[in-house]
Amino acid sequence: MSDEKIKKSVSYKVLIKKDDKFFNVGTIVIKTYTGDILYTPSIKFMDDGKSKTNKEIEHISWHANGQVHFKHKGTATPEKYSIVQKNGERQKISEIGFQELIRDTIKKYSELPLYNKKVIDLDVVFDVSNYDGSVAFFFSIVSSKLIVAQYKGQAVPIKSVNTKEKRDGLGSTIRALGHHSGSADVILQYSLRKIDANNLRTNRQVYIPHDMKISKLNIKV
């Protein structure tokens, strides 16, 4: 198959399944040829709380060059700003060894919009069975180079965790970023966990962690 026939982007849903209902957590879009990643929560939320502009966020995007943007909704020229750390810019996606991208905490997932369209194989579906409590959706990147290095006995700054075996784990799955992105070793990790959100003032809180500075550049496999 030629590259011309490959879609410029891939989109899929993150869903919570309870009985025969699917609750929409959000949408993930992967830009095939750049590796850029977009996350759109299923319900509106305001900015990160630092600028206090109370602007509604349309989506969050992670770019191949390392920049992270919030796109504000309803502006003629979408206002974007980077999350810049005290100790410098973020790593490029192609350099990341491990990085947590987002933590989306939901106090009552039953208040999320119902998803009534056809669920496809690519969709990330967490079956929570009889659990009715608060949840947190974790989205992270890990390089397979670190996983292989750990398997070979090398000291790496990460460790394997089986989310399903953890007491707070509700499910986990992975996807590949794709070789067309220029980062063929990048694995996207998705997990859903039980969490105590009693102190959450709203039903939802989206948190973007700072750059963890865990690189794969010095890993030899």
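In short, a report on the structure. (Residues numbered from 1 in each chain as written. Predicted model: local features only at pLDDT ≥ 70, side-chain atom pairs only at ≥ 80, totals over all residues. Heavy atoms only, no water.)

**With respect to the environment of Ser11**
In this fold, Ser11 is placed in strand S1 (residues 9-18). Under the relative-accessibility criterion, Ser11 is labelled partly exposed at 43%. In this structure Ser11 touches Thr27, Ile28, Val29 and Leu122, once residues within four positions along its chain are discounted. (Helix = DSSP H or I, 4+ residues; strand = E, 2+ residues; numbered from the N terminus. Buried < 20%, exposed > 50% of the residue type's maximum accessible area, 1.4 Å probe, protein only. Contact = heavy atoms within 4.5 Å.)

**Some remarks on the side chain of Glu100**
Here Glu100 shows up in strand S7 (residues 96-106). Within polar-contact distance, the side chain of Glu100 engages the side chain of Arg103 at 3.0 Å. Residues contacting Glu100, with those up to four places away along its chain left out, are Phe138, Phe139, Ser140, Pro209 and Met212. (Polar contact = N/O pair within 3.5 Å; in protein donor to acceptor, adjacent residues only side chain to side chain.)

**Remarks on the nonpolar core**
Counting residues in hydrophobic clusters, the biggest one holds 37 residues, and the most contacted among them are Ile37, Phe137 and Leu188. Excluding anything up to four places from it in sequence, Leu188 contacts Tyr12, Ile30, Ile37, Phe139, Ser140, Ile141, Thr173, Ile174, Arg175 and Leu177. By size, the runner-up hydrophobic cluster in this structure holds nine residues, among which are Leu146, Val156, Ile158 and Ile187. (Core = buried A, V, L, I, M, F, W, Y, C linked by side-chain atoms within 4.5 Å.)

**Focus on unusual backbone geometry**
The phi torsion at Ser129 lies on the positive side, around 55 degrees, for a residue other than glycine. Notably, Lys213 is not glycine yet its phi reads approximately 60 degrees, a positive angle. Its place among the elements puts Lys213 in the loop between strand S12 (204-207) and strand S13 (214-215).

The quantities given are spatial measurements derived from coordinates; they are silent on function.
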